Amino acid sequence: MSEHYYSRTQKVESDPKFWDYKLRNFSFRFKTDNGVFSKREVDFGSRLLIESFMMPDVEGHVLDVGCGYGPIGLSIAKEFNNRIVHMVDVNERAIQLAKENASLNHITNVDIYESDRLLNVKDAQFAAVLTNPPIRAGKQTVHDIFEQSYKRLVPDGELWVVIQKKQGAPSALEKLKTLFSDVETVDKTKGYFIIKAKK
């Protein structure tokens, strides 16, 4: 099987690139590479999730599932520097890049480590979980992320998801409604749904 950005290891040759980007009114410098998702710019779905997100009014850490090279988790950590942001990915190269990007942007309130879905996540009590889920890894993986996120959220904690309509937003909404009592679509732009599910 060929590797994908959601594979643990990447055989594709490394060819790092650096570029600048603005998120939540902060300027970032990112290092990206072959074998990670959306290496040339922050993808539209992630940008929409980053700009739409509002921190829940409950205590607790934040979790970015499938963090890639780090734009979601690092932008949230930069703004909410009183919170610890856990950033996890199955892709070893992505994790290394996320660590380098945290250092590059002088962000210290992050804990970045490898985890397949939430299986290795260290903390049980999160105020918020954000994910741009790896749709190509299959529906079961996406649903696992939803189920595992629910278990790790504090009461009134929130799961924030970006997903395209054509990649299963309606079925994702149905799945989330079986887990969470309060599910709403916060934004719909260019076929992307930003979904907030409150525990």
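Refer to the structure printed above.
Residues numbered from 1 in each chain as written. Predicted model: local features only at pLDDT ≥ 70, side-chain atom pairs only at ≥ 80, totals over all residues. Heavy atoms only, no water.

1. As for the overall build of the protein
- Along the backbone of the protein there are 5 helices and 9 strands.
- Going from N to C terminus, the protein has its helices and strands arranged as β-β-α-β-α-β-α-β-β-α-β-α-β-β.
- For the protein, the spread of C-alpha atoms along the three principal axes comes to 45 × 40 × 35 Å.
- Evaluated residue by residue, the protein yields a buried proportion of 55% over its 199 residues. (Helix = DSSP H or I, 4+ residues; strand = E, 2+ residues; numbered from the N terminus. Buried < 20%, exposed > 50% of the residue type's maximum accessible area, 1.4 Å probe, protein only.)

2. Considerations on helix α2 (residues 71-79)
- Among the 9 residues of α2, 7 are classified as buried, and the element is accordingly described as predominantly covered.
- Among the residues making up α2, those that are buried are Pro71, Ile72, Gly73, Leu74, Ser75, Ile76 and Ala77.

3. A closer look at the packing of helix α1 (residues 44-52) against α2
- Relative to each other, α1 and α2 sit at 20°, their axes nearing to 10 Å. On the basis of the axis angle, α1 is roughly parallel to α2. Crossing of α1 against α2: the hand is right-handed. For the pair α1 and α2, contact is made by Ser46, Leu49 and Ile50 and by Pro71, Ile72, Ser75 and Ile76, respectively.
- For the contact of α1 with α2, a count of residues per class yields 5 nonpolar, 2 polar and no charged. (Axes fitted to C-alpha atoms, helices over the stretch in contact; angles between N-to-C directions. Parallel < 35°, antiparallel > 145°, perpendicular 65-115°, else oblique. Left-handed = near helix turned anticlockwise from the far one by under 90°. Contact = heavy atoms within 4.5 Å. Nonpolar A, V, L, I, M, F, W, Y, C, P; charged D, E, K, R; others polar.)

4. Observations concerning the sheet that holds strand β5 (residues 110-114)
- Across the sheet, 7 strands lie side by side as β5-β4-β3-β6-β7-β9-β8; this open sheet has mixed pairing. Each of the sheet's edge strands pairs with one partner strand only, and the pair in question is β5 and β8 (182-189). Ignoring which end each strand starts from, the neighbouring axes of this sheet average 15° apart.
- Contacts from helix α3 (residues 92-104) reach β4 (85-89) and β5 within the one sheet, and its direction differs from that of β5 by about 165°. (Pairing = 2+ DSSP bridges.)

5. Section: unusual backbone geometry
- One non-glycine residue, arginine 117, adopts positive backbone phi at about 55°.
- Here arginine 117 shows up in the loop between β5 and β6 (126-131).
- In this model, lysine 190 sits at a positive phi of 50°, which is unusual for a non-glycine residue.
- Positionally, lysine 190 belongs in the loop between β8 and β9 (192-198).
- The class of lysine 190 is exposed, set by a relative accessible area of 68%.

6. What to know about the packing of helix α4 (residues 139-152) against helix α5 (residues 169-179)
- Viewed as axis vectors pointing N to C, α4 and α5 meet at an angle of 30°, and their least axial separation amounts to 10 Å. As summarised for this structure, α4 and α5 are arranged roughly parallel, according to the angle between their axes. For the element pair α4 and α5, the recorded crossing hand is right-handed. Residue-level inspection shows Lys139, His143, Phe146, Glu147 and Tyr150 of α4 in contact with α5, the latter providing Ser171, Ala172, Lys175, Leu176 and Leu179.
- Classifying every residue of the contact of α4 with α5 gives 5 nonpolar, 2 polar and 3 charged.

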